[in-house]
Amino acid sequence: MTPEFAQDLKASVRAIPDYPKPGIIFRDITTLLGEPRAFRRAIDELVQSWAGSKIDKVAGIEARGFIIGGAIAHQVSSGFVPIRKKGKLPHTCVSMEYALEYGTDKIEVHVDAITPGERVILVDDLIATGGTAEGAIKLLRQIGAEVVAACFVIDLPELGGAAKIRAMGVPVRTLVAFEGH
Ligand code: AMP
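The paragraphs below set out a description of the structure included in this document. Treat the numbers as computed from the prediction; the structure is a model and nothing was measured. (Residues numbered from 1 in each chain as written. Predicted model: local features only at pLDDT ≥ 70, side-chain atom pairs only at ≥ 80, totals over all residues. Heavy atoms only, no water.)

Describing the sheet that holds strand β9 (residues 172–177)
Step number 1: Reading across from one edge, β5-β6-β4-β3-β7-β8-β9 is the order of the 7 strands in this open sheet, with mixed pairing throughout. Whereas interior strands pair on both sides, the edge strands pair on one side only; in this sheet they are β5 (93–99) and β9. Taken over all neighbouring pairs, the strand axes of this sheet differ in orientation by 20° on average, direction set aside.
Step number 2: Of the strand pairs in this sheet, strand β8 (residues 146–155) and β9 are connected by 5 bridges, and their pairing is parallel. Residue pairing across strands places F152 opposite T174, the latter belonging to β9.
Step number 3: Where helix α5 (residues 131–142) meets the sheet, its contacts fall on β3 (57–61), β4 (79–85), β5, β6 (104–110), β7 (119–127) and β8, and the angle it forms with β5 comes to roughly 150°. (Pairing = 2+ DSSP bridges. Helix = DSSP H or I, 4+ residues; strand = E, 2+ residues; numbered from the N terminus. Axes fitted to C-alpha atoms, helices over the stretch in contact; angles between N-to-C directions. Contact = heavy atoms within 4.5 Å.)

Structure representation (structure tokens):
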């Protein structure tokens, strides 16, 4: 990625201070998605690492991970698997509790979404503490996936999420980083 494009991509993400609560800067990717060049280049950059390697499924985390993950799945000619908050998927699910800043929540995936041994890439818009992605990787592994990588448009490195996911043995690809959280 050229430094110019990295700069453009970073500038295309809108910062919303004190959302959803005081002290949080919400990194809003709707502005990036709305710019045709930024959206296409972001997807191109994220898939570049797997050019030539076989990917069976892209798993996206609700809800912004569906947009990025759907575009990546199309580009690498793989299937798409939605990972959703509890109670949203209609068929039999497996679920996984994951850590939030305060407390826990549950994510789910259809029990038959992956054929054991399939090579899967996990996708979300942003990684912060890594709790959501960690839960998603455990969930995917539970149904037999080989999680070959996790990718995110935005990294908040001070919160340590990417390091946590790498420590699980999953390579992480991110495009832009912001200080703080
Ligand atoms: P975490 O589990 O802490 O890595 O949080 C990641 C999830 O929360 C992702 O689904 C993000 O979309 C969302 N998220 C966390 N922090 C932010 C932020 N500052 N701006 C936008 N989304 C965030």
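Quick notes on the packing of helix α3 (residues 36–48) against helix α4 (residues 64–76)
Packed helix pairs are characterised by how far apart their axes lie and by the angle those axes make with each other.
Step number 1: Following both chains from N to C, one finds α3 and α4 inclined at 65°, their axes separated by 10 Å at the closest point. Once α3 is placed against α4, the crossing between them reads as right-handed. Touching F39, R40, I43, D44, L46 and V47 of α3 are I67, I68, A71, I72, Q75 and V76, all from α4. (Left-handed = near helix turned anticlockwise from the far one by under 90°.)

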